[in-house]
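# Observations on the three-dimensional arrangement
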Amino acid sequence: MSENDGKKTLGLKGGTRSGSVKQSFSHGRTKNVVVETKRKRVVVPKAGAGKASGGGGASAGGDPKRRPAGISDVEMERRLKALQAAKAREVEEAAEREAEEKRREEERQRRREEAEAREREEREREEALKAKAEEDARREREAAEAAEREKEARKTQQAAPAPAAEPAATGESAAERDSPAQRNFTRPDAGPRKTDREDRQREGRGKARDDGRRSGKLTLNQALSGGEGGRQRSLAAMKRKQERARQKAMGGGEAREKVVRDVQLPETIVVSELANRMAERVVDVIKALMQNGMMVTQNQSVDADTAELIIEEFGHRVQRVSDADVEDVIDSVEDKEEDLQPRPPVITVMGHVDHGKTSLLDAIRHSKVVSGEAGGITQHIGAYQVVTDGGQLLTFLDTPGHAAFTSMRARGAQVTDIVVLVVAADDSVMPQTVEAINHAKAAGVPMIVAINKIDRPEADPQKVRTELLQYEVIVEAMSGEVQDVEVSAKTGEGLEELLDAIALQSEILELKANPDRAAAGAVIEAQLDVGRGPVATVLVQNGTLRQGDIFVVGEQWGKVRALVNDKGERVSEAGPSVPVEVLGLNGTPEAGDVLNVVETESQAREIAKYREDAAKEKRAAAGSATTLEQLLAKAKQDENVKELPVLVKADVQGSAEAIAQAMEKIGNDEVRVRLLHSGVGAITESDITLAEASGAPVIGFNVRANAPARAAANQKGVEIRDYSVIYDLVDDVKAAASGLLSAEVREKFIGYAEIKEVFRVSGVGRVAGCLVTEGVARRSAGVRLLRDDVVIHEGTLKTLKRFKDEVSEVQSGQECGMAFENYEDIRQGDVIEIFERHEVERTLA
């Protein structure tokens, strides 16, 4: 193998070819000009290079290592199939286009030949007419120029005795015609005859062309004299003319066939967007709207019905879509029977406060949750999993029993399979017990009655069974269908029987779910953790929730960053009936929201954005008056109502919701509580700023203010109140609202006096001489003047005298003189009623 391998050596030799050009000037002057010609480099690809590159691309596409991240084999196979189908469609479309193009080309060729024949005939006729006109003009010019030349020749003979030899009259010599230098460097003083002759010849050649373009090179005489005396066509104008001629020759002037499009039409659409989707001009769309009586601009919106008329008018097809269509991506397909597998039952423990629900659950779980609850009462909804001695897995939901947590109990009843109603044997049926019964009936779930605290001496289980009858709960001991078990969370008595009853009920229900589908679940509780961000306790109801899944829950969306079970351990997935804490949300969802897993992040964002906008519109519609009369009526109604603004921050979403509902119930027609903001998480500086603007206290429920918030509160004088028990919070807010109530004014009658005589005293006015007939008359008391038992004046006394002395009071049976403040219409026989007012503080019930 040679060193060069058959290739030429690289060098500079032969890069350029040099030569010389001889230029000739007048008076026999010449000049040699060296000219170099560079050859253009031509790159020729090697044989087989395209094949090699094509093979490399195929191998790169098939290499699994170079496959995009996150693409599974099934997805890759699906994409390859779609690619092959697309290529097949492209081949078919290319064949159709080629046939269509061939047909059009034949049609264009035929039309082009016809047009050329017509143009040829027209051109020959025009050339004949033009040649005749030019011949006439040439003869006239030659006569005028001959006279001009004779005149100039005489002037030249007088100025120069030896003039330069003129060329022959028939034209330039061959050497002069052929020399480009001679044409380019003609001097103005070389002689008038030669210059005029050149101009004449160039004029004739330029006029002979039918497109009106200037021919030949521009001489100095032409530039100085303004050319041919007229305005020349621009290069752009000539190009436009040529393009029109080409289109005409190819048959492009015919009307194009209109393309009918499928236009997706939402509920409202902007005019410019409507024109864009139809591929029509905005001006035409606006014109069509104006013809239909709508004066709009391109930035205004039109409703779907109007837009549909415009679309049909332009000949397109309408495809109505709705904003709610974004939620169609959520999988709602019914599961097949063969895909269903048994799942653990979900049991919700409900009952009145302090009836022992959490203690009963602690006894089953062998834990002590109740000891960690503030005030010994449950204020959150808790989810736990218990494995019985028989190996059966049970999921328990512990709900609060306090009256403020109604919505929590309702959510617990909606997601459960079995309700365990806990009733204390020594307290019997209470208000929240009745409410729990109603929730269970509304949810349509079976109920098991657990009669707790049977270890106490005053326990009476039979009384509980009897009182349940009036709420249509008939236990088995009373010949009914509802199971009842006597238990004691303290001693552990009856727990095994309770678990057996739950197992029996779950077997009857035959609970099943499909674990191999996209997960769906319900948010039991949600909170904003300082270190972990928004955290939601989710009960998976169907499918399997895995780490990395993208989901949408209510108005929020997220990607599962971590799953934590009820024991605080991290797990990679959660199947049906499994409660887990989900981390990775972009915001705190509402308790009770439904969680759905979707395929892509864009779908989750779109669904969450749609739900957020819908919720905003709903809140705006609910909180705003629709007419001016309603607005004025609401303003008049709120005119005399005093408001107590408060800002609430709680540890979990359920507690914040319960407190908000409790605040709404506080107040009457004169005073009410206005909730400025309710959220979860620690009290921040922005909360202090909002509270300061409205003069509201900040209420923290199981949360504390951070350091910047405390500093801002001290600086701005904002009160921060911390609570751990909802009883204390509601009582304090109720007491503060009671302070806004105006005091009740009560009147106490202390005496009567009869006017015996009326006197006029200078400097004082009319004074009544009175006899106190009953009680006592006081100077500081209020008075009413009665005439024929009708009140004609109410006011205060200006003076109260006995004889000539000013006194503070006059007893019954004594005479005195009275004068009214700013009132003198008193007569003999009138009666003066004396009374005192007392203010009594009012409280909210």
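Residues numbered from 1 in each chain as written. Predicted model: local features only at pLDDT ≥ 70, side-chain atom pairs only at ≥ 80, totals over all residues. Heavy atoms only, no water.

### Some words on the overall build of the chain
Note the threshold: By the criteria applied, helices consist of DSSP H or I runs no shorter than four residues and strands consist of E runs no shorter than two, each listed in order from the N terminus. What makes two residues a contact is simply this: any of their non-hydrogen atoms within 4.5 Å. Per-residue and other accessible areas follow the Shrake-Rupley method at a 1.4 Å probe size, with only the shown protein chains counted as cover for residues.
A tally of regular secondary structure across the chain gives 21 helices and 35 strands. Counting contacts in the chain only where the partners sit at least 6 residues apart, residues at least 24 apart contribute 68% of the total. Carbon and sulfur atoms form 49% of the exposed surface of the chain, whose accessible area is close to 51,600 Å².

### A word on the pattern of salt bridges
Here is the rule we go by: Salt bridges are defined as contacts in which a side-chain nitrogen from Lys or Arg sits within 4 Å of a carboxyl oxygen from Asp or Glu. Partly exposed residues are those whose accessible area sits between 20% and 50% of the maximum for their type, while under 20% is buried and over 50% is exposed, using a 1.4 Å probe and protein chains only.
Under the criterion given, the structure shown has 52 salt bridges. Of the charged contacts, one joins Arg138 and Glu135 as a salt bridge, the two residues approaching to 2.4 Å between their closest N and O atoms. One end of the pair is Arg138 and the other is Glu135, both in helix α2 (residues 73-159) and 3 residues apart, which spans about a single turn. Residue Glu135 is classed as partly exposed on the basis of its relative accessible area of 28%.

### Description of the sheet that holds strand β26 (residues 698-701)
Our working definition: Strands qualify as paired when DSSP identifies two bridges or more between them. Only the contacting stretch of a helix is used when fitting its axis, a line to C-alpha atoms as for every element, and angles between N-to-C directions run 0 to 180 degrees.
Pairing is parallel in the open sheet, where 4 strands are placed in the order β25-β24-β26-β27. The sheet is open, and its two edges are formed by β25 (671-680) and β27 (720-723), each paired on a single side. Looking at each pair of strands side by side, their axes are set apart by 25° on average, direction ignored. Of the strand pairs in this sheet, β26 and β27 are connected by 4 bridges, and their pairing is parallel. Paired with Val698 across the two strands is Ile720, which belongs to β27.

### Here we look at the environment of Arg784
Rules: Under the rule applied, a polar contact is a pair of N or O atoms within 3.5 Å (in protein, one hydrogen donor and one hydrogen acceptor; residues adjacent in sequence only if both atoms are side-chain atoms).
Looking at the secondary structure, you find Arg784 in strand β30 (residues 782-787). Non-local contacts of Arg784, meaning those with residues more than four positions away in its chain, are made with Glu747, Phe749, Val791, His793, Glu794, Val831, Ile832, Glu833, Phe835 and Arg837. Looking at Arg784, its side chain comes within polar contact range of the side chain of Glu747, at 2.7 Å.

### A word on helix α19 (residues 685-694)
Keep this limit in mind: Note that the arc is defined by the directions from the helix axis to the C-beta atoms.
Within α19, the full set of buried residues consists of Asp687, Ile688 and Ala691. One face of α19 carries all of its buried residues, which in axial projection span an arc of 100°. Set apart from the buried face of α19 by more than 90 degrees, the exposed residues are Ser686 and Ala693. Buried residues belonging to α19 abut β24 (642-650), β25, β26, α20 (707-716) and β27. One or two steps after α19, the chain reaches Gly695, where phi turns positive at roughly 65°.

### What about the packing of aromatic side chains?
Defined as follows: Ring geometry is summarised as follows: Phe, Tyr and Trp rings, the Trp one being its six-membered ring, pair when their centres sit within 6.5 Å, and such pairs are stacked at plane angles under 30 degrees, edge-to-face over 60 and tilted between the two. Two limits define a charge over a ring: the Lys NZ or Arg CZ must be within 6 Å of the ring centre, and within 35 degrees of the ring normal.
The final tally for this structure, using the stated rule, is 0 aromatic pairs. Against the face of Phe835 rests Arg784, its NZ or CZ located 4.1 Å from the ring centre.

### Structural notes on the confidence of the model for the chain
The cut-off we apply is this: pLDDT runs from 0 to 100 and stands for how confident the predictor is about each residue.
Averaged over all residues, the pLDDT of the chain is 78; the fraction at 70 or higher stands at 77%. Low confidence marks residues 48-61, where pLDDT is under 50. Its contacts with residues over four positions away, or in another chain, come to 2 contacts. Here residues 162-195 is modelled with pLDDT under 50, and outside its nearest four sequence neighbours on either side it reaches 38 contacts, counting other chains as well.

### Examining empty space enclosed by the protein
Here the idea is plain: a probe the size of a water molecule rolls over the atoms and shows the empty space left. Here is the rule: A pocket here means an open set of points on a 1 Å grid, computed over the protein atoms alone, that has protein on both sides within 12 Å along at least five of seven lines. A cavity is instead a set of points where a 1.4 Å probe fits but cannot get out; residues with an atom within 4 Å of a point line either one. Grid points are joined across faces, edges and corners, and a volume is the space filled by probe spheres set on the points.
Using the criterion set out here, one finds 3 cavities of 30 Å³ or more in the structure. Space inside the second largest cavity adds up to approximately 50 Å³. Lining the second largest cavity, in full, are Val349, Lys357, Leu360, Leu361, Ile364, Phe396, Val420, Val422, Leu498 and Ile502. Of all the secondary structure elements, the ones that give two or more residues to the lining of the second largest cavity are α11 (357-365), β11 (418-424) and α15 (495-509).

### So, the nonpolar core
For clarity, the threshold we go by: The criterion is simple. A nonpolar core is a set of buried Ala, Val, Leu, Ile, Met, Phe, Trp, Tyr and Cys residues joined through side-chain atoms within 4.5 Å.
In terms of nonpolar packing, the biggest core is built from 23 residues, with Leu360, Phe396, Leu498 and Ile502 touching the most fellow members. Looking at this core, the elements with two or more residues in it are β8 (346-351), α11, β9 (382-387), β10 (393-398), β11, β12 (447-452) and α15. Per-element tally for this core: the top contributor is α15, with 5 residues.

### Some points on the state of the cysteines
Worth spelling out the cut-off: Only a pair of cysteine sulfur atoms within 2.5 Å counts as a disulfide in this structure description.
Following the criterion strictly, the structure yields 0 disulfides and no others. Here Cys770 is not disulfide-linked; the sulfur of Cys816 is the nearest cysteine sulfur, at 5.3 Å.

### Some details on the pairing of β30
Most of β30 sits out of view: 6 of its 6 residues are buried. Burial along β30 is two-sided: Gly782, Arg784 and Leu786 and Val783, Leu785 and Arg787, pointing in opposite directions, are all buried. Inspection of the sheet shows β30 paired to strand β31 (residues 790-802) by 6 bridges, in the antiparallel sense. Directly across from Arg784, in β31, lies its bridge partner Glu794. What sits between β30 and β31 in their antiparallel hairpin is a turn of 2 residues, with Asp788 showing a positive phi close to 60°. Pairing geometry for β30 and strand β35 (residues 831-840), over 5 bridges, is antiparallel. In the strand pairing of β35, Leu786 is matched with Val831.

### Here's the deal with the packing of helix α8 (residues 271-278) against helix α9 (residues 282-291)
The relative placement of two packed helices comes down to the angle between their axes together with the axis-to-axis distance. Note the threshold: In this scheme the handedness of a crossing depends on how the near helix is turned from the far one: anticlockwise by less than a right angle means left-handed, clockwise means right-handed. Only Asp, Glu, Lys and Arg are considered charged, only Ala, Val, Leu, Ile, Met, Phe, Trp, Tyr, Cys and Pro nonpolar, and every remaining residue, Gly among them, polar.
The interhelical angle for the contact between α8 and α9, taken along N-to-C directions, is 115°, at an axis separation of 9 Å. As α8 runs across α9, the sense of the crossing is right-handed. When α8 is examined against α9, the residues Val271, Ser272, Leu274, Ala275 and Met278 are found in contact with a partner set consisting of Val282, Val285, Ile286 and Leu289. For the contact of α8 with α9, the class distribution of residues is 8 nonpolar, 1 polar and no charged.

### Focus: helix α13 (residues 431-443)
Stated formally: Here, expected helix span is obtained from the residue count minus one, scaled by 1.5 Å.
The first and last C-alpha atoms of α13 sit 19 Å apart over 13 residues, in line with the 18 Å expected at 1.5 Å per residue. Listed as buried for α13 are Gln432, Thr433, Val434, Glu435, Ala436, Ile437, His439 and Ala440. One or two steps after α13, the chain reaches Gly444, where phi turns positive at roughly 70°.

### Some points on a negative patch on the surface
The line we're drawing: Exposure above 30% relative accessible area and the absence of a salt bridge qualify a residue for a patch, where like charges join within 9 Å and nonpolar side chains (Val, Leu, Ile, Met, Phe, Trp, Tyr) within 5 Å. For the charge count, each Lys or Arg is scored as positive and each Asp or Glu as negative, with His and the chain ends excluded. By convention, the point assigned to a charge is CZ for Arg, NZ for Lys, CD for Glu and CG for Asp.
On the surface, a cluster of negative charge is made up of Asp389, Asp455, Glu493, Glu496, Glu497 and Asp500. Residue placement: Asp500 occurs in helix α15.

### Notes on the environment of Gly769
With respect to the element layout, Gly769 can be found in strand β29 (residues 765-778). What makes Gly769 buried here is its relative accessible area of 15%. C-alpha separation for the pair Gly769 and Gly817, spaced 48 residues apart in sequence, amounts to 4.7 Å. Residues within four places of Gly769 in sequence aside, it is in contact with Glu754, Ile755, Lys756, Glu757, Phe759 and Cys816.

### Side note on the pairing of β26
For the record, the criterion: When the strands point away from the viewer and the connection leading from the first strand across the helix to the second strand turns clockwise, the crossover is called right-handed.
Side chains of β26 alternate between two faces, with Val698 and Gly700 and Ile699 and Phe701 buried alike. Sheet topology note: the β24/β26 ladder contains 4 bridges and is parallel. Bridging across to β26, Ala650 finds its partner in Phe701. In this fold, β26 hands off to α20, which returns the chain to β27; that crossover is right-handed.

### Considering unusual backbone geometry
At Asp788, a position not held by glycine, the phi torsion is positive, near 60°. Assignment of secondary structure puts Asp788 in the loop between β30 and β31.

### Structural notes on the side chain of His793
As for its placement among the helices and strands, His793 is situated in strand β31. Beyond its immediate chain neighbours, meaning those up to four positions away, His793 contacts Val783, Arg784, Leu785, Phe820, Glu821 and Tyr823.

### A look at the environment of Lys31
Here Lys31 is to be found in strand β2 (residues 30-38). According to the relative accessible area criterion, Lys31 is partly exposed, its value standing at 48%. When the C-alpha positions of Lys31 and Val21 are compared, they lie 8.3 Å apart, and in sequence the two are 10 residues distant. Setting aside residues no more than four positions away along its own chain, Lys31 makes contact with Val21, Lys22, Gln23 and Phe25.

### Points about a positive patch on the surface
Together, Arg233, Arg240, Lys241 and Arg244 line one region of the surface with positive charge. Following the sequence through the fold, Lys241 ends up in helix α7 (residues 235-249). The partly exposed category is assigned to Lys241, whose relative accessible area is 32%.

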